[in-house]
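# Understanding the architecture of this molecule
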Amino acid sequence: MSGANRIPGAGRLTPAKTARFVFDGKSFAALEGDTVASALLANGVHLVGRSFKYHRPRGIVSAGAEEPNALIGVERDAARKQPNVRATVQEVFDGMKVISQNRWPSLSFDVGAVNNLLSPFFAAGFYYKTFMWPKQAWKHVYEPRIRAAAGLGVSPTEDDTDHYSSRYAHCDVLVIGAGVAGLSAALAAAKTGARVIICDEQAEVGGALHYDKSVTINGIEGFTWAQATAAELAGMENVTVLPRTTAFGYYAQNFVGLTERVTEHLAKPDRKLPRERLWQVRAKRVIIATGAIERHMVFANNDRPGIMLASAARTFLNHFGVAVGKKVGVYTANDSAYEAAFDLKRAGITVAAIVDSREKPGEAVLAEARKLGIEVLAGHAVVDTAGKLRVSSMSVARNGGGRGRSIAIDALLVSAGWTPSVHMFSQSRGKVAYDHESQRFLPGTYAQDCLSVGACNGTNDLQATIEESLAAGELMSNASGFTAAQKVEVHGTNAFAWTGGMAGAAEGAGPDTTVKAFIDFQNDVCAKDIRLAVREGMHSIEHIKRFTTNGMATDQGKLSNIHGLAIAAETLGREIPKVGLTTFRAPYTPVTFGALINHSRGELFDPTRKTPMHALEEAQGAVFEDVGQWKRAWYYPRAGEDMHQAVNRECKTVRDVAGIFDASTLGKIEVVGPDAAQFLNLIYTNSWDTLKPGRCRYGIMLREDGFVYDDGVVGRMAEDRFHVTTTTGGAARVMNHMEDYLQTEFPHLNVWLTSATEQWAVIAVQGPKAREIIAPLVEGIDLSNEAFPHMSVREGKICGVPTRLFRMSFTGETGFEVNVPADFGPAVWAAIWERAEPMGACSYGTETMHILRAEKGYIIVGQDTDGTVTPDDASLGWAVGKKKTDFVGIRGLRRPDLVADGRKQLVGLLTKDPKVVLEEGAQIVADPNQALPMTMIGHVTSSYWSENCGRSIALALVAAGKARLGETLYVPMPDRTIAVEVSDMVFFDKEGGRING
Amino acid sequence: MLLIYCPYCEEERSELEFRQAGDAHIARPTNMTEMTDEEFEAFFFLRDNVKGLTYERWRHLNGCGRFFNAARDTVSDKFVTTYKAGLPKPDISTLRPATEATVETYEATESNAK
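Residues numbered from 1 in each chain as written. Chains lettered and ligands numbered in written order. Predicted model: local features only at pLDDT ≥ 70, side-chain atom pairs only at ≥ 80, totals over all residues.

## Some remarks on the overall build of chain B
Check the secondary structure of chain B and you find two helices and six strands. Per-residue burial for chain B yields a buried fraction of 16% across its 114 residues. If you take every contact in chain B between residues at least 6 apart in sequence, the share linking residues at least 24 apart comes to 53%. (Helix = DSSP H or I, 4+ residues; strand = E, 2+ residues; numbered from the N terminus. Buried ≥ 20, exposed ≤ 12 C-beta atoms within 10 Å, placed from the backbone. Contact = placed C-beta atoms within 7 Å.)

## Quick word on the UniProt feature "domain: FAD/NAD(P)-binding" (unreviewed entry) in chain A
Here the UniProt-annotated "domain: FAD/NAD(P)-binding" (unreviewed entry) positions come out as residues 172-437 of chain A. Along residues 172-437 of chain A one finds 23% helix and 37% strand; the C-alpha atoms at either end are 35 Å apart. (UniProt positions renumbered as here; feature names shortened; annotations may be inferred.)

## Side note on the nonpolar core
All names here are of chain A. In terms of nonpolar packing, the biggest core is built from 177 residues, with A185, V196, I287, V328, V330, A341 and L413 touching the most fellow members. The element that contributes the greatest number of residues to this core is helix 5 (residues 180-191), accounting for nine residues. In this structure, I287 is in contact with V173, V175, A185, C450, L451, V453, A472, G473 and M476, ignoring residues within four places of it in sequence. Within the second largest apolar cluster, 102 residues are counted, among which are Y635, A658, V861 and L918. (Core = buried A, V, L, I, M, F, W, Y, C linked by C-beta atoms within 7 Å.)

## Thoughts on the environment of Y741 of chain A
Residue and element names in this part refer to chain A. Within the secondary structure layout, Y741 lies in helix 20 (residues 731-745). A C-alpha to C-alpha distance of 8.2 Å links Y741 and I683, two positions 58 residues apart in sequence. Ignoring any residue separated from it by four or fewer positions in sequence, one finds Y741 in contact with L682, I683, F746 and V888.

## A closer look at the pairing of strand 15 (residues 276-288) of chain A
Residue and element names in this part refer to chain A. Where burial is concerned, most of strand 15 is hidden: ten out of the 13 residues are buried. For strand 8 (residues 165-176) and strand 15, the ladder comprises eleven bridges, and the chain directions are parallel. By the bridge assignment, H170 is partnered in strand 15 with R282. Relative to strand 15, strand 14 (residues 255-261) runs antiparallel, the two being bridged by seven bridges. Its bridge partner lying in strand 15, L258 is registered against W279. Where strand 15 lies against strand 28 (residues 450-452), three bridges are found, and the strand directions are parallel. From the neighbouring strand, I288 faces strand 28, where its bridge partner is S452. (Pairing = 2+ DSSP bridges.)

## Some points on helix 5 of chain A
All names here are of chain A. A rise of 1.5 Å per residue sets the reference length of helix 5, with its twelve residues, at 16 Å; its end C-alpha atoms lie 17 Å apart and thus fit the reference within 8%. With twelve of its twelve residues buried, helix 5 lies for the most part within the structure. Inspection of helix 5 places V180, A181, G182, L183, S184, A185, A186, L187, A188, A189, A190 and K191 among the buried residues, and these make up the whole buried set. In the stretch just after helix 5, G193 is the one whose phi turns positive, near 100 degrees. (Expected span 1.5 Å × (residues − 1).)

## Description of the pairing of strand 6 (residues 81-86) of chain A
Residue and element names in this part refer to chain A. Note that strand 5 (residues 71-75) and strand 6 share four bridges and pair antiparallel. In the sheet register, L71 faces strand 6, and the bridge partner there is R86. The loop that links strand 5 with its antiparallel partner strand 6 comprises five residues.

## What about the UniProt feature "domain: GCVT N-terminal" (unreviewed entry) in chain A?
Cross-referencing UniProt, the feature "domain: GCVT N-terminal" (unreviewed entry) maps to residues 613-884 of chain A in the present numbering. Annotated as 26% helix and 30% strand, the span residues 613-884 of chain A places its first and last C-alpha atoms 41 Å apart.

## With respect to the environment of Q620 of chain A
Residue and element names in this part refer to chain A. Mapping Q620 onto the fold places it in the loop between helix 17 (614-619) and strand 33 (623-627). For Q620, a count of 16 C-beta atoms within 10 Å corresponds to the partly exposed category. Excluding residues that lie within four positions of it along the chain, Q620 makes contacts with Y636 and S843.

## As for the sheet that holds strand 37 (residues 696-702) of chain A
Residues and elements named next belong to chain A. With antiparallel pairing, five strands are arranged side by side in an open sheet as 37-38-39-36-40. Strands at the two margins of the open sheet, each flanked by one partner only, are strand 37 and strand 40 (752-755). Within this sheet the neighbouring strands show an average axis-to-axis angle of 30 degrees, counted without direction. Strand direction decides the pairing type here: strand 37 and strand 38 (residues 708-718), joined by seven bridges, are antiparallel. For G699, the partnering residue across the bridge sits in strand 38 and is G712. Set on the sheet, helix 19 (residues 676-683) makes contact with strand 36 (667-672), strand 37, strand 38 and strand 39 (721-726); between it and strand 36 the angle comes to about 130 degrees. (Axes fitted to C-alpha atoms, helices over the stretch in contact; angles between N-to-C directions.)

## Structural notes on the interface of chain A and chain B
Facing the 29 residues of chain A at the interface are 26 residues of chain B. Among the elements that take part in the side of chain A that touches chain B, helix 20 of chain A stands out by supplying five residues, more than any other. The class makeup of the residues in the side of chain A that touches chain B is eight nonpolar, nine polar and twelve charged. (Nonpolar A, V, L, I, M, F, W, Y, C, P; charged D, E, K, R; others polar.)

Spelled out as structure tokens, the structure:
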């Protein structure tokens, strides 16, 4: 048995195919093809959740994606949980675990429901008014409590073990929605030979045909025709049919995002399958066939479980074979709800009465109701309901006439009419237009190459919808050069043409009433809240929306927007189109982070760059740090060493013996061409004409505003060839900067730029024994100080492979940087290491490199500079060519502020207590006893313990710093104030002799 | 995601391949050192924040690597045309997009409400 409310012979599911699932700890039977909503209703469960603000008991309102209430948590296992799933969309699979949300301790007894009694304190906009004072309390007291009390599901805490896939697709025609309109359009387009993609959010195509059993198309039942048509389309090579696929966003140039739920409905999905697939479709033309969504009636206590849309009740009966009650009432302003009553009556369900707010219901449905013996109360209203956890009665009164009589019911079907789903059209930036006759917003001005057809275009009649859709399918294919060989014939009939509809508050919930007549169930917004917003001065619909939160829940007001707008218009005394519609935004329905993030997580989140010597460094015990996307050896701890000890040892060893360092991540750009030197003259502040082949120079690059952009050593390999190095982090932007100037400002220069960062492995060998280490390995280069002085470059061989050998130093020691083609890096590293280790040298990492360079006062662009530092501020004024007439930044350097006195300048800082190491980023003041807030005159940019100096050292940017040498300044910290003395920037080997060793 | 026509590759490619690079048709003066502060300010700092047709530089970064210019409508985001660097500004009157009324803005909503 799959539920007591299952009607034998009704619906399209197979009774033999059963599945079991658990809802809040209780096991229920279902049929394959059930949604969680239909399965719960089959078992008589209407109460499925608590409302957001008042914690009122809530039931299933709809049978589709528009569901505002029935949000559930779905669990497959500990890791695979999903909150806020719509029970009306989630299909049941055997063994699934469903939990209700926003209640404690249980769904039927919820402590939070006290909010309902306190509701006078929670009027619209209460957040903005009630919790304003004291200021700090919002952050620490109010907000955390409100967030705990109001809220939806709970996020999973474990990593998602599923995977998600992503696909780009191109087509001639994308059809959104596979109801009568979408299928007709797709069929007409497909028959021309155009590439067609048709998607639908539901498990099966058919749209309204799920519930409207009266439809016959081409001689067969509409729903059957729909399945046959989908099968025919799926069999065509030029067509892709995507059920369970929601078009959630319509972006520029017909770029449409779809999410396909691949395994969400399967009991034991193949783990190779993705849970969801994200489709990014670029369509030449788009046909929007998204149908219409039924609105509920707005009256007092219209939110009790058991009160639902008439079309939903019809879907549950005609598709799932489930009766939503035993004695149902109908409250409508529209003919369509009558058909729900007819279908239920024919299935043997008691229909207590049809209450119609109109004096004159449609004649055809009225006649049929009489024939079936259903009482119709025209010109009447449901003015209230009763029932604690499910509706038990409705109070019916003549329009304008008091309290009325109570009629016992266990379900109430409501319909205020249909809202065309213009979401996709509006997202495409089309402008909607208000149709006064039918009182609805319809597609008006198109902004992209798309067409709306069927109910979303305001077309009501079945055959008219079919004709319109067939024509659109053909027309949209023509745009890609496809024409129809023969006309596609589709003919349909249905039982009744529908009239009627209303928007806004119904009888008894109008102006001057204070009843809870809900318009937005999910955000607990009532008709009176809209009126309050208007009274408080919100006159724009966008303000009203934000003040009341109407339409701001996860359902984005699919039921509520038009009601809210109508009530606002009435209160403002304006026509609906004059008040305006809020903008529709993507996503149409919530999209999971999994689908969007897709493969971009874990190791695939961002590329990892490793140097050629990475594995060897790992083998030597290196600890790595992230520098941009690079993994760089940070330090090499030996047994028993912590970081501090390892770094101290490395620092000492390099200066006492030697060290080898992986500098491969440095950016490298090959600048080649007859005008290469002239180009570098313009890009760098230095002059390059005088640099002889075989020599190197430290260069500074500015932005046009005069601030330091990057630095690095440039070697001149030949008259027309330079080997440029950049900072590790600056490699890509420096290349872009150079390309920009070369292509757009200096296109007359004959120069080629080639990024060579990954082509060269770079091994720095630094220290007194550096020469001795590499000498036996090098061929064809005289390494003597005379032949190969500091700041030189030679080409030759090392270990038998070609090398560009630089004599340079970022440590202040005698140093060489061995550049070899990247693939030879590991072998050369190993060979150098084999020589270095027995001599007592070590490998050192970036931390030691940082300390050694700071001991010598060498800056790191981006650490000691911050984009507001000039060469002069950094004591690098010597590198600016005084005779040059142009270079990037030459004019910026002369700006008044850049030559003014008192600029922040880089200086050294020595703590009075040599053991104290300053914090990088710490602020500096002149007088520690001044009143708060203190005047800060600079900050620490680099700070280390220097084992070689036997004390702490620091660099800092200090206002007029160079004039403060010897002055005492202060670094206030939370627990103490540290006194420091301003010094020059060189802390070790001030004479600089070691570099020429 | 936009499709952008690269005038060097001569085809439409995904926006992901491109990088915006600021306003177009601002030539770097050849007499930099002789500029007054006001002239430098105008050249380097002052930019219009155009509502409507704007001219800007783009680079086909993950493609041919070339910088080119584009005329784009800042309201609709639509590229009206793209053209090679160094070519003169195309004639505005022939370029204004035919359709595209203003999309939803606060002012539009407000004026509708009034």
